[in-house]
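Inside the fold
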Amino acid sequence: MQQLNSNNTTSFPLKSVANIEPLLPTLWVTNIITARSFKPLFTIRCLSSSNQGISKGNHYIIADKATSEADIKAVGWMVQQARGDCFVHRINLPLDCLVSDATAVRELTQEIFEFALPFADWIEIADERKLKKREALAIAKVALALLPENEQDIELDQLGERCGASDWEWRKKCEKLASQAQSQQTNQDKLRLELQALAKEADPIAKAFIKQKLAESYRIRLSEIDNLLKHISEQGRIQEVKCYSLDELLDLNLPGVDYVIPGMLPQGETILLVADPKSGKSLVAYDAAFAVATGEDTFLGEKCKQGKVLIIQCDESPTTARGRLLKRGFRREDASNVEFMDSFNITQLHLLEAKLEAFRPTLVIIDSLKRITVGSQLSENSAEFADNIYRLKEIISRYNASGILIHHTNKNIDAVGVGRVRGNSSIAGATWGIWSLEHIPEPDPNNPKRFRVNPKSLTRIFNILARDTEGQTLKIELDPEINHWVSLGQDGITPEQKQSEKSQQERIVELLQSYSPKGLEASEISQHLGIAKKSIYTQLNRLVEKRIIGTRPSATDRRRSVYYVTQSENDNPPSLPLYVPDVIQSAEINTRQCFQSSITDSQQIDNRYITDPRLSESVIENSLCPVSISEIDNNIQQTQGGGGVKTISELLPETPVHSVTQPEFMEGDKITFHEGDNKWKPGTIAKVVYMDAYFVSAEISYFAFKKNRVFTLYRADWMRLAGRVNGQSRKNQ
C-alpha cells in the first residue's frame, strides 16, 4: 500500500472539522426522528450528516445491525481529529423498538453511559469480522480521506484481508478509489480558482459569459454560482470570533489611539466628509492631504502626522484636480508621498487593496461615495448600502491607514448633526465620525425675514462629530490664494472664553507636573484649583485627547482614574539602554519570548491601562531583554501606516546612564520599596533576575488590598535593605 501515499491529498466530504464546544454530549443515530426522545439529554446527529463538521466533547454512537461500519468509523475518526471522546453502543434491536416510553428511554440512556465501548476497543472487535468487498471499499474510501499516511496502509491491508481479496486485486481497487478522489479534489480546486477570478471580473458582460461557461462545465446552476461568489467575497472579511474574560480583556496589550489629524481623525479610522454641492468639500480634503503629505502646513491649526496620501478622485476631471492640487502647493518633489487614481468602483476592491499593499499610504481620500457606487443595485436609502462603507473601511484599516470619504447632504433644511447625511442613517453609523461643512446664512437684503447663502462668502462652519472625542464646531475661512482653510476658532466661543479655557488647561498641566509621576484624581485637581468638576472633566478629556496627559487606575481605589503628565520627548529620565551587541548573538525566538514576558511581568498592575503611547514606549525601552533590530523595524512599519521608518539609532538613548552604587540584593531579603510615588512599603525579594549596580530586575512580594501581590522593580534606588535571612547563601547575580 506504499504506492498510495502520494495520493494523501484525497478529498472527502467528511473532512471538515469544526471546533465548537457543545453544551450536551452528541448522540449519533441512523434516524433522528426515532431518537427525538433523547433530545433533552443529547445533541442528536444523524450518522449520514457527519460531513457538516464535528465538535469537541463526548460522542456516543448507537449502532444496530443495519448501521454500516463505514459510517461509524467516519464519525469516530473525525471525533479523534477534533480531539473528542467517542464511544460505540451496540444494540440488537432497531432503536424504535427500544424507546417505546419514557422508562425505556431512561434505561437505554443509562446503558449508553455505562456500557458503551470506547471507539478504539470497538475497532479491535470490528476488525475480527469478515466483510463483503462492497463494505470494504466503502470503509477504504473513508480511510483514504481521513486517516494519516502511516495509518492508511495498516487499515487498507486489514480491509483486504477481511474481504478475502487478493493483494493484486485489492491494490488495484484502492488505487482506483484514490484516483477518483484525487480527480474530484482537483476539480474542486480548479472551480475555486475560477470563482476567485470571476469575483474580480469588473466587466458585467464578460462576467455573464464566464458564469454561463462555469455552469455548463461543472453542471452547476447559475443561482449556486451566485451563492458561491457571495461566499468567496465574504470569506475574506469574516473574522474569527473571539471571546475574552474581563481579565483577558484588561490584559490585552492594545496600542493607544494615534491620530493622523489630532482630535479629528485617528489612525486606522474613516470619517465621512459631507456638505452641500459646491461648498468646498474637495478643497478641505486636498488641504488635509497637503498637511499629511508634506508636513509643511497645518490642517485647521493642527499639526498632522506626515506620511503618504492616496487620492481617489472620481467626482471631477483630472484636469480640475491637477489645477487644485497645484494651487494648494503640491509640486513634483512631493511625488513620492502622493498617488492619484481618477477612476474606481466599489466592485474593484481588489484593485484598491493591491494599491494599498504596494503604496502603504497613511491617508486615503475617496471622492465621492455616490460616484464609486454607480451601478449598484442598492439605494442610498437602504440600510444595506452601508455595507459598501464597511467594506471600504475594513480594507483601509487593514493597512493601518485613515480614510476621508466624501458624501453629500440631504435636502432637509431642518435636519441637524448626522441627520444632514444623505441616505439611510446607517451610512453615518458606519464611520468613526462625521465632518460637516456648512455655509453661514446671511440676512436677505430684500427680505429681512429670510436668510440666504452668499456664494462669494469664503467663511464656513465646520462641525466634527465622532465617537471617542468631544465634538467641535469651528469657524473656518478659505485663503483663495493657496486654497488653504484657516481656523478662526470655535464658533460661539469668545476670545475671553478661549483664553480662560487655555488658562485652565495650563494650570492643570502645571499642577500635575508638580505631582509627577504620582498624578492626581479629578476631584483632587478640582480642590487644588477651585474649578468646578464639570469644567475639570471637560478640560481633562481634551488634554487626554491631545495626549498632553495620560490616565491610569488609582493606587488607592482601582475603580477611579489618576491623571498624570506624559513624559516629554526632551526629558531624559533614567532608562535602561538597549543591548544592541547581544541582539546579534541571540536567537529571534528567544528574544521575542523574553521581550514579551519582560513587558508583562514588569508592568503587571498599571501598564495595561496606560493611554499615553510615549509612556508605553518607555516601558518597552526599559525592558531588560535585548530587542532585535528587525523586530523594531517591523513594528515601526506597521504603526507608521506607510510612513517613513525610523532607524535604530533614533531609538537608542543619546547619552549613557551612569551607574549608581547600591548594595547588592538577594532572594529572601526584607526591604522597603516604592513604585515611583515615594510611598515606602515593606516587602520581600522573591526573585532576582538581573543586577548591575543601578539596574536591577527583581520580583518583590508584598501584601496589599488583603492579598499577596508581586511587583517587578527595575531601579535599585527604589529599594532599601531592611533585613536579611541568616544563613542564606548568596547567589551569583
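In this report, we go over the structure that sits alongside the text. The structure presented is a predicted model; accordingly, all values stated were derived computationally and were not measured. (Residues numbered from 1 in each chain as written. Predicted model: local features only at pLDDT ≥ 70, side-chain atom pairs only at ≥ 80, totals over all residues. Heavy atoms only, no water.)

**Digging into the overall build of the protein**
Secondary structure assignment for the protein yields 23 helices and 25 strands. By residue count, 41% of the 733 residues in the protein fall in the buried class. Sequence separation of at least 24 residues holds for 66% of the intrachain contacts in the protein that already meet a minimum separation of 6. Accessible surface, the protein: about 41100 Å² in total, of which carbon and sulfur atoms supply 50%. (Helix = DSSP H or I, 4+ residues; strand = E, 2+ residues; numbered from the N terminus. Buried < 20%, exposed > 50% of the residue type's maximum accessible area, 1.4 Å probe, protein only. Contact = heavy atoms within 4.5 Å. Areas by Shrake-Rupley, 256 points an atom, 1.4 Å probe, with all protein chains shown as cover.)

**Points about the side chain of Arg 420**
Residue position: Arg 420 is located in the loop between strand S12 (402–408) and helix H15 (425–429). Side-chain polar atoms of Arg 420 contact the side chain of Asp 276, separated by 3.3 Å. Not counting the four nearest positions on each side in its chain, Arg 420 is found in contact with Asp 276, His 408, Thr 409, Asn 410, Asn 412 and Ala 415. (Polar contact = N/O pair within 3.5 Å; in protein donor to acceptor, adjacent residues only side chain to side chain.)

**Focus: the packing of aromatic side chains**
This structure, assessed with the given rule, holds nine aromatic pairs. Aromatic pair Phe 42 and Phe 113: ring centres 5.4 Å apart, planes at 20°, arrangement stacked. Here Phe 42, found in the loop between strand S1 (26–29) and strand S2 (43–46), pairs with Phe 113, found in helix H2 (residues 102–115); they are 71 residues apart in sequence, far enough to count as distant. Overall, the relative accessible area of 2% leaves Phe 42 in the buried class. Both rings, one in Phe 299 and one in Trp 435, keep their centres 5.6 Å apart while their planes meet at 20°; by these two values the pair is stacked. (Phe/Tyr/Trp six-rings, centres within 6.5 Å; stacked < 30°, edge-to-face > 60°.)

**Some points on helix H7 (residues 204–218)**
Its 15 residues place the ends of H7 21 Å apart at the C-alpha level, agreeing with the 21 Å of an ideal helix rising 1.5 Å per residue. Those residues of H7 that fall on the buried side of the exposure criterion are Lys 211, Leu 214 and Ala 215. Seen end-on, H7 carries its buried residues on one side only, within an arc spanning 100°. Of the exposed residues in H7, those oriented more than 90 degrees away from the buried face are Ile 205, Phe 209, Lys 213, Glu 216 and Ser 217. Looking at where H7 begins, the residue whose side-chain oxygen comes 3.2 Å from the main-chain nitrogen of Ile 205 is Asp 203. (Expected span 1.5 Å × (residues − 1). Arc of directions from axis to C-beta.)

**Topic: the environment of Ile 271**
Looking at the secondary structure, you find Ile 271 in strand S8 (residues 270–275). In the structure, Ile 271 is positioned 157 residues away from Ala 428 in sequence and 9.0 Å away in space, judged by C-alpha atoms. Ignoring anything within four residues of it in the chain, the contact list for Ile 271 reads Met 264, Leu 265, Gly 403, Ile 404, Leu 405, Thr 431, Trp 432, Gly 433 and Trp 435.

**Thoughts on empty space enclosed by the protein**
Here the structure, examined in full by the defined rule, presents three cavities of 30 Å³ or more. As for the largest cavity, its lining consists of Thr 270, Val 364, Ile 366, Ile 389, Leu 392, Lys 393, Ile 396, Gly 403, Ile 404 and Leu 405. Of all elements in the fold, only strand S11 (363–367), helix H14 (386–398) and S12 reach the threshold of two or more residues within the lining of the largest cavity. With four residues, the single largest contributor to the lining of the largest cavity is H14. A class-by-class count of the residues in the lining of the largest cavity yields seven nonpolar, two polar and one charged. (1 Å grid on protein atoms, 1.4 Å probe; cavity = no way out; pocket = protein on both sides within 12 Å on 5 of 7 lines; lining within 4 Å. Points joined across faces, edges and corners; volume = space filled by probe spheres on them. Nonpolar A, V, L, I, M, F, W, Y, C, P; charged D, E, K, R; others polar.)

**Thoughts on the pattern of salt bridges**
Evaluation of the coordinates by the stated rule reveals 19 salt bridges. Across the pair Asp 297 and Arg 328 runs a salt bridge whose closest N-O atoms are separated by 3.3 Å. Remark: Arg 328 occurs in helix H11 (residues 318–328) and Asp 297 occurs in the loop between helix H10 (281–294) and strand S9 (309–313); sequence separation between them is 31 residues. Of the charged contacts in the structure, one is a salt bridge between Arg 324 and Glu 316, with a shortest N-O distance of 3.1 Å. Residue class for Arg 324 comes out partly exposed when judged on its relative accessible area of 29%. Taken together, the shared-partner salt bridges in this structure form one network comprising Glu 69, Lys 73, Asp 127, Arg 129, Glu 155 and Arg 162. (Salt bridge = Lys/Arg side-chain N within 4 Å of Asp/Glu carboxyl O.)

**Section: the sheet that holds strand S13 (residues 433–439)**
Strand order across the open sheet formed by nine strands is S10-S9-S11-S12-S8-S13-S16-S17-S18, with mixed pairing between neighbours. The strands lining the two open edges of the sheet, one partner per strand, are strand S10 (338–341) and strand S18 (484–490). In this sheet, neighbouring strand axes are inclined to one another by 20° on average, regardless of whether the strands run parallel or antiparallel. Contacts between H10 and the sheet are confined to S8, S9, S10, S11, S12, S13, strand S16 (459–466), strand S17 (472–479) and S18, with S9 contributing the most and set at about 160° to the helix. Against the sheet, H14 engages S8, S11 and S12, with an angle of about 155° to S12. (Pairing = 2+ DSSP bridges. Axes fitted to C-alpha atoms, helices over the stretch in contact; angles between N-to-C directions.)

**A few points about a nonpolar patch on the surface**
Taken together, the side chains of Tyr 244, Leu 246 and Leu 249 define a hydrophobic patch exposed on the protein surface, amounting to about 310 Å² of accessible area. You can see Tyr 244 is positioned in the loop between helix H8 (222–235) and helix H9 (246–251). (Patch = residues over 30% accessible without salt bridge, like charges linked within 9 Å, V, L, I, M, F, W, Y side chains within 5 Å.)

**Side note on the pairing of strand S19 (residues 549–553)**
Most of S19 is tucked away: five of the five residues are buried. The sheet contact formed by S19 and strand S20 (residues 561–565) spans five bridges and is antiparallel. When the bridges of S20 are listed, Thr 551 appears paired with Tyr 563.

**Describing the packing of helix H12 (residues 349–359) against H14**
Two elements in contact, H12 and H14, have axes separated by 10 Å at closest approach and are oriented at 20°. It follows that H12 is roughly parallel to H14 by the angle criterion. The way H12 lies across H14 gives a crossing that is right-handed. Here H12 contributes Leu 349, Leu 352, Glu 353 and Leu 356 to the contact with H14, which in turn contributes Arg 391, Leu 392, Ile 395, Ile 396 and Arg 398. A class-by-class count of the residues in the contact of H12 with H14 yields six nonpolar, no polar and three charged. (Parallel < 35°, antiparallel > 145°, perpendicular 65-115°, else oblique. Left-handed = near helix turned anticlockwise from the far one by under 90°.)

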